[in-house]
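Fold and geometry: a report
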Amino acid sequence: EAGVAQSPRYKIIEKRQSVAFWCNPISGHATLYWYQQILGQGPKLLIQFQNNGVVDDSQLPKDRFSAERLKGVDSTLKIQPAKLEDSAVYLCASSLSRNMDNEQFFGPGTRLTVL
Amino acid sequence: DQQVKQNSPSLSVQEGRISILNCDYTNSMFDYFLWYKKYPAEGPTFLISISSIKDKNEDGRFTVFLNKSAKHLSLHIVPSQPGDSAVYFCAASKYGGATNKLIFGTGTLLAVQP
């Protein structure tokens, strides 16, 4: 079974530029998550989708971050414009459903550096 | 507001000995707890979980203990192996809530010396 795929793996941009990350979840997984992991901290949930609808985006900085999950499969996370404090690893995860018994599987992440 | 805390940033143990990783939480609404393991340049992988109706859950070399009154849980690895060297994250959630949102601790880097 293929895992969660993310691209790119690394990205370096200047502040005020825009950047987008892509995630392809495990086939058949209805729930998709984007986490931000700042160095020295644990992952923090930014947004959670159930199919193509948003379940939780309470910690998404909506003035600069946006995410979509068209057709309930792939997802993109965009930052526009980026700030220095956005430097982090962005992790995508997926699970069969929102049931707590369904494990969240994580992708390898995209490491973003904002200069 | 750090609701899940791992106060030891790192831990070093000898191969074959026991590793004990600790985690504290502040939100009494949490009733489901998980441990994830993370190798460099990889995403976290699920290791073991425990619900608040239990005080212990065991899976092979890994055992998680939960002390609800102290709002404390620990992960025991016996015996420790060099391949266990990784960052371990504790996470908490509310079972059956509107979402299965996980709140992660800051992680503990475990180094198992051969």
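Heads up: the structure comes first, above all this text.
Residues numbered from 1 in each chain as written. Chains lettered and ligands numbered in written order. Predicted model: local features only at pLDDT ≥ 70, side-chain atom pairs only at ≥ 80, totals over all residues. Heavy atoms only, no water.

What follows covers the pattern of salt bridges. By the definition in use, this model includes six salt bridges over all chains. With its nearest N and O atoms 3.8 Å apart, the salt bridge here joins A:Lys62 to A:Asp57. Between B:Lys94 and B:Asp31 there is a salt bridge, with its nearest N and O atoms 3.1 Å apart. Of this pair, B:Lys94 sits in the loop between strand S9 (86-93) and strand S10 (103-104) while B:Asp31 sits in the loop between strand S3 (19-25) and strand S4 (32-38), and the two are 63 residues apart along the sequence. Overall, the relative accessible area of 34% leaves B:Lys94 in the partly exposed class. A residue is classified by how much of its surface remains accessible, and B:Asp31, at 17% relative accessible area, is buried. (Salt bridge = Lys/Arg side-chain N within 4 Å of Asp/Glu carboxyl O. Helix = DSSP H or I, 4+ residues; strand = E, 2+ residues; numbered from the N terminus. Buried < 20%, exposed > 50% of the residue type's maximum accessible area, 1.4 Å probe, protein only.)

Our next topic: a nonpolar patch on the surface. Residues B:Ile18, B:Ile20 and B:Val78 make up a contiguous nonpolar surface patch of about 220 Å² in total accessible area. You can see B:Ile20 is positioned in strand S3. (Patch = residues over 30% accessible without salt bridge, like charges linked within 9 Å, V, L, I, M, F, W, Y side chains within 5 Å. Areas by Shrake-Rupley, 256 points an atom, 1.4 Å probe, with all protein chains shown as cover.)

It is worth spelling out the sheet that holds strand S8 (residues 75-79) of chain A at this point. All names here are of chain A. Across the sheet, four strands lie side by side as S1-S3-S8-S7; this open sheet has antiparallel pairing. In this open sheet, the two edge strands, each paired with only one partner strand, are strand S1 (5-7) and strand S7 (65-68). Between one strand axis and the next, the sheet turns through 15° on average, direction left out of account. In terms of strand pairing, S7 meets S8 through four bridges, oriented antiparallel. Across the sheet, Glu68 pairs through a bridge with Thr76, a residue of S8. (Pairing = 2+ DSSP bridges. Axes fitted to C-alpha atoms, helices over the stretch in contact; angles between N-to-C directions.)

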